[in-house]
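Inside the fold
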Amino acid sequence: MDVVIVVLAGVALIGLIVWYFWLWKPGGVSAGITSGGIQEAFIVVKGGYSPDTIRVEAGRPVRLVFNRQEADPCSEKVVLDAFGVSADLPEGDNVPVEFIPGQPGEYEFACQMGMLRGKVVVS
Amino acid sequence: MERVNQLTEQGAVAGRDPVCDMTVGANALTLDGFSGVGFCSEHCRRAFRAAPDWYLEGTVGGADPVDRTPADTGGGPSGIGHQAETINLSVSGMSCASCVVTIERALKSTPGVLDAQVNFAAEEAKVEVDAVPVEVLTAAIEAAGYQARVIDGQPDEDAEQAARIRLYRKLLRKFAFAALVALPVIYFSYPELFPGIPEKGSTALDLIWGAMALLTLPVLAWSGSQFFTGAWAAFKHRSANMNTLVAIGISAAWLYSTVALLFPSLIPEERLRDVFYDVTAVVTALVVLGSALEIKARARTSEALKKLIGLQAKTARLIRNGVEVEVPIEDVMVGDIVVVRPGEKIPVDGEVVSGASAVDESMVTGEPIPVEKRQGAPVIGATINKTGLFRFRATRVGRDTMLSQIIRMVRDAQGSKAPIQRTVDKVAGYFVPSVMIIAVLTFMAWYVFGPAPALLYAVITAVTVLVIACPCALGLATPTSLMVGIGKGAEAGILIKSGDALETAHRIDTVVLDKTGTVTRGEPSLTDVVVMGTFSETDILAMAASAETGSEHPLGEAIVGGARARGIEPVEPDHFEAVPGHGIEATVDGRRVVLGNLKFMADRGVAAGPAEEVLERLSDDGKTAMLVGVDGRLAGIVAVADTTKPDSVAAIGRMHALGLEVVMLTGDNVRTAQAIARQVGIDRVFAEVLPEDKATQIKLLQAEGKIVAMVGDGINDAPALAQADVGMAMGTGTDVAMETGDVTLVKGSLTGIVTAIELSKATIRNVRQNLVGAFAYNTLGIPVAAGMLYPFFGVLLSPLIAGAAMAFSSVTVVSNANRLRRWRPSLVKEAA
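Cut-offs used in this document
- Residues numbered from 1 in each chain as written.
- Chains lettered and ligands numbered in written order.
- Predicted model: local features only at pLDDT ≥ 70, side-chain atom pairs only at ≥ 80, totals over all residues.
- Heavy atoms only, no water.
- Disulfide = S-S within 2.5 Å.
- Buried < 20%, exposed > 50% of the residue type's maximum accessible area, 1.4 Å probe, protein only.
- Pairing = 2+ DSSP bridges.
- Helix = DSSP H or I, 4+ residues; strand = E, 2+ residues; numbered from the N terminus.
- Contact = heavy atoms within 4.5 Å.
- Buried area = accessible area lost by both parts, 1.4 Å probe.
- Salt bridge = Lys/Arg side-chain N within 4 Å of Asp/Glu carboxyl O.
- Polar contact = N/O pair within 3.5 Å; in protein donor to acceptor, adjacent residues only side chain to side chain.
- Nonpolar A, V, L, I, M, F, W, Y, C, P; charged D, E, K, R; others polar.

Take the state of the cysteines next. Tallied over the full model, the rule gives zero disulfides over all chains. In this model Cys111(A) remains outside any disulfide bridge; the closest cysteine sulfur is found in Cys74(A), 6.6 Å from its own. On the basis of relative accessibility, which here comes to 0%, the residue Cys111(A) falls in the buried class. In this structure Cys470(B) is not part of a disulfide, and its nearest cysteine sulfur, from Cys472(B), lies 5.3 Å away.

And the structure:
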């Protein structure tokens, strides 16, 4: 009996892990537009990127302002590989990263080790 | 009030806090008299109350205060007459990141403030002002609801470094505490092993174990707190990392032990009532120690960049109004005359106007031999003046200096990803949840199929799986090696623009060299003086050079330069006439001197028949020969050619030794091209290639299946550099075309190509070692931890050993990357 319970609970737990970490798709937020016509979003870096999905329009300059609020060195750099930009994030500083998205699509950004991830959805 | 209504409408529609611009909902704080306006926090409400007009105006006008230029914030233009200065303030009272925005806005709206940056963690504000008293700034911050005071002295340049050291020390303290607790816990955990421990099942031992439960609680709560906060932060982002695994592992061990101790009835079999407080304490201690060591090792990976930053001079000695004054480096402007004494650092880039010296440029170009500088020579900021005193005019200052550009480039390159890492990244995204699933499967397998006591084995093996898995080793493998490799390149005068370039460079099998300026110096110099009559070699050269002093043709300059180099000072000719495309005629010391080709000699009545054979030989060698006639008779021949750089032969020899095919590309005629190729030992020559066809030639080579590196000066060869798999731009002195090419060789020497390829090979080898190590560790470690060896050998891995292995696997990866710091170009190694 207890074997059945453990197996069922185990399978359920695995299902939960798969759903929670892999299957769930974040909604994301749209970047605001400044008076200068720049699409701007403020991203807090703490164990991850909040928000971690930023929606922007193609062809318009984008400014992502990162603010790292932890001492963990894992997140000290953010790399936007697809746009060829990266930035060091001193703890507490607002660090703007600017680029112009070309083609619509989903572009990942991550810490240097690829553990923390976010994406820019260009439409 | 009209303005308020507008704001209210806007605020209601946008649902944003007017102070920090954060989105606020129905539960936002409000302020009497400002209906419809919501605030995210008490701070924002207080800031708004302090200066509602300002926030209203800012919102109503639609202007984003962050984007305001100095002009619209009321600040005067910075520049001549207005000295912008930076004031550092210590700010207290900030509770959230939105406070940063609030304070920055308050500062930027103050007239005279050019820029303001607030650092939440350091609790500091850096304000750039144009003649604004400090009191005005502190008042502005206080009006926004915070406290501020001025910080004396320079801002802490190494704040990041200091933060790292703080974190390192904190982790060491956490380790010390956990280790201290671990010692008695280990002792009392094994009554079968150690003497003097009450019997298992006795009340005395239960009491001791109870004390251990309490003692290990602060180990979890303090020493291991970062695992829990890190895991929770990641969990909220639907991701998991090393913290997640460690946090689950150590808390599972603690929880199981405590349940077994407090509620023995839940665990019927007495054998199962064991405790694992040792796992909690020891694993925490080891992983914390591992993190501390990793931080220390990682700091070393960026040492090369720090060294470059440290090269910058702090002050400069300028001549202003005829007086020598020492000023901070930031105050040096283009056009300033800078004085440099022997032994001093050259503060910025410039051009020597007077004096002469030898300058050690090794820190920027990698060239170990000091370079002679005299009037007109370019000097590079951050290099060291060795012997003489000189003055130079500043040509590039601030972020335009070569050093600043190099620093930016190195930093960008270190932040880029190598293609190999993109694969690793994909794996990393699935790694931790996969380990969690394996842990669950392990638990299930041991519970269902394992020997008795099954529950005990299931818990132990699941915890061991969680603890041994090391995503960090995998994640750190590539970037740390890349950081060190790119830094090493910069030290050797090789600027690698991206991880892509670094990775591709190790696969290069063909190097295409542009002839002019790459293999050769790019300017003609005197090569031969042939005596054909009664005059001596010196006389011929003296007359030819004197005749050419008035000439502005590069060939003429080469003859004059060649004569001077041989100690002959040309004299002014009395009469000078140039016939473009043919030659010149001049009167030197009363003699009629003609210089030119065969036709010109015939025109001027100089019989030059016997010279034809010599002319052909010189031409075969790719040289340009000119006949010299004196008083109507042939005196001799002078020849000039674009000569090869002194180290070209050696460098091409090294490329061959590395197994590379070397190809030369040139617009010159076949004869000249082959003459140069013979001199330096080049295998293949593409001559008479039009500039626009260079890229096509590269394409043809690539069609042969070759991985091609194109080496050029970066200006004329841009399309070919772009077409090549790796484009290498040669710098010459200060004119470094950094924008073109994937790799810039600061010192315009071919040996840099060899060094770049060697470095790429060494770095990629290091990356592979790291990746293979990290993958092997995890793919072997996890199954062993899950107990795969148990059915065959009866061996089970202790979670304590798993913790130790995990803690040191990432340290090992970073230390291996740091081994690259000892890498040196083969050329340097041989010289040493």
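Now that the structure has been shown, we can carry on.
All names here are of chain B. Read across the sheet, three strands follow the order S10-S9-S12 without closing on themselves; strand pairing throughout is antiparallel. Looking at which strands have only one partner, the edges of the open sheet turn out to be strand S10 (371-373) and strand S12 (384-385). Of the strand pairs in this sheet, strand S9 (residues 357-360) and S10 are connected by three bridges, and their pairing is antiparallel. Each residue of the ladder has a partner; that of Ser357, found in S10, is Lys373.

As a further point, take the interface of chain A and chain B. Contacts between the two partners involve 52 residues from chain A, matched on the other side by 56 residues from chain B. For the pair chain A and chain B, the summed buried surface comes to about 4500 Å²; carbon and sulfur atoms form 59% of the total. For the pair chain A and chain B, the number of links is four salt bridges. The salt bridge partner of Glu76(A) is Arg164(B), with a shortest N-O separation of 3.2 Å. Seen at the junction of chain A and chain B, the total is 11 residue pairs in polar contact (both at pLDDT 80 or more). For the side of chain A that touches chain B, the elements supplying multiple residues, two or more each, are helix H1 (2-23), strand S3 (39-45), strand S4 (49-50), strand S6 (62-68), strand S7 (77-80), strand S8 (85-88) and strand S10 (105-111) of chain A. Looking at the side of chain A that touches chain B, the element that brings in the most residues is H1(A), giving 14 residues. The residue makeup of the side of chain A that touches chain B, split by class, is 25 nonpolar, 13 polar and 14 charged.

Attention shifts here to unusual backbone geometry. That bond from Ser50(A) to Pro51(A) is cis: its omega, -10°, falls within 30 degrees of zero. Residue position: Pro51(A) is located in the loop between S4 and strand S5 (53-56). Even without being a glycine, Asp631(B) presents a positive backbone phi close to 50°. Taking the relative accessible area as the measure of exposure, Asp631(B) reaches 42% and is therefore partly exposed. One non-glycine residue, Glu688(B), adopts positive backbone phi at about 50°. Mapped onto the elements, Glu688(B) comes out in the loop between strand S23 (684-686) and helix H25 (694-703).

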